[in-house]
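# Chains, contacts and geometry: an overview
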Amino acid sequence: MQLCPNDRFKMSDTFSTIDFDKSPDGLVPAIIQDSNTSKVLMLGYMNQEALEKTKELGTVTFFSRSKQRLWTKGETSGNFLFVNEITADCDGDTILIKATPAGPTCHTGADTCFGEKNSQDARIGEASFLNYLQKEVIRERKLNPQDESYTSSLFRKGINKIAQKVGEEAVEVVIESKDDDADLFKNEVSDLLFHLLVLLEQKNIDLDEVIGVLRSRHQ
């Protein structure tokens with residue numbers, strides 16, 4: 001079963017170098033970090049099976065030492081940790097997972113297991129809001145469509161309709177750019193950006209990939 005709204009997470013080259021045999025119980029620590037804020041959310045333990053399950057589901061799955069079984073974070077509370085990237089340290093005995101939390105990470109209701117604040121407002125700064133909009137709002141409307149949702153209706157109508165909307169909004173931006181109403185211009189640009197994100201999602205391309213192309217051009 002695919003739980004994750006982000007099934008296109010990155011797997012680093014060091015993923016295959018994890019040495020589970022270093023520990024007698026076959027467990028290695030797994031640090032979970034918020035992809036948007038870089039805040040450390042929690043620490044758990046994984047064996048080979050838990051890591052493979054995490055890769056399969058796209059949601060963080062640990063080996064619970066108390067339950068002595070695999071345990072997907074959020075399986076009871078619904079506060080899943082949606083995987084964005086998996087990597088390993090230089091010694092191959094610690095895993096770092098960058099993830100998007102679906103809610104409070106700690107069983108106490110705290111944002112992190114270290115008592116630090118990591119609220120939605122804190123996670124979604126101006127620079128990361130577009131990523132949030134695509135990965136958590138638009139993607140949700142695609143995977144779990146709602147009848148009353150405008151975004152869901154775009155996905156139902158398909159790529160041609162979405163591309164058409166991007167073209168229409170681009171024309172509106174051009175038209176408004178020739179006038180002096182800054183507020184109207186910003187609204188039209190916002191509409192264009194939103195529909196571009198919908199188009200990216202329909203094409204299964206993350207905004208991060210586009211940013212990577214831009215970064216490569218300006219290094």
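Our subject in this report is the structure included herewith. Sequence order sets the numbering: in each chain, residues are counted from 1 along the sequence as written. Whole-chain, interface and lining totals are the exception, using all residues; otherwise, since this is a predicted model, local features are given only for residues with pLDDT of at least 70 and side-chain atom pairs are given and counted only at 80 or more. Hydrogen atoms and water are omitted, and side-chain values are computed over all heavy atoms in the structure.

### Digging into the side chain of Thr112
We count it as follows: Working definition: helices are DSSP H or I runs of at least four residues, strands are E runs of at least two. Numbering for both runs from the N terminus. Each polar contact in these results corresponds to two N or O atoms within 3.5 Å; when the atoms are within protein, one needs to be able to donate a hydrogen and the other to accept it, and residues that are neighboring in sequence are counted only if both atoms are side-chain atoms. Contacts are assigned to residue pairs that have any heavy atoms within 4.5 Å of one another.
The residue Thr112 is located in the loop between β7 (95–101) and α2 (120–123) in this model. Polar side-chain contacts of Thr112 include one of 3.3 Å to the backbone nitrogen of Gly115. Excluding residues within four positions of it along the chain, Thr112 makes contact with Lys39, Val40, Leu41, Thr105, Cys106 and Asn118.

### Overview of helix α1 (residues 48–57)
Cut-off, in case you're wondering: For the exposure calls, accessible area comes from a 1.4 Å probe over protein chains only, and a residue counts as buried if that area is under 20% of its type's maximum, exposed if over 50%, partly exposed in between. This arc describes the spread of directions from the helix axis toward the C-beta atoms.
Those residues of α1 that fall on the buried side of the exposure criterion are Ala50, Leu51, Thr54 and Leu57. Buried residues in α1, looked at end-on, bunch into an arc of 140°, giving them a common side. Here the buried face of α1 lies against β3 (40–46), β4 (61–64), β5 (69–72), β6 (81–88) and β7. Backbone geometry just downstream of α1 places Gly58 in the positive-phi region, at approximately 80°.

### Details of the pattern of salt bridges
How we decide: Salt bridges are defined as contacts in which a side-chain nitrogen from Lys or Arg sits within 4 Å of a carboxyl oxygen from Asp or Glu.
Here the structure, examined in full by the defined rule, presents nine salt bridges. Among the ionic pairs, Lys53 bridges to Glu56, the shortest N-O distance being 3.8 Å. Here Glu56 and Lys53 lie together in helix α1, a separation of three residues that amounts to about one turn. By relative accessible area, which is 31% here, Lys53 ends up partly exposed. Under the relative-accessibility criterion, Glu56 is labelled partly exposed at 46%. The salt bridge partner of Arg69 is Glu75, with a shortest N-O separation of 3.1 Å. Using a relative accessible area of 38% as the deciding quantity, one classes Glu75 as partly exposed. Counted as one network, the salt bridges with shared partners bring together Arg139, Glu201 and Asp206.

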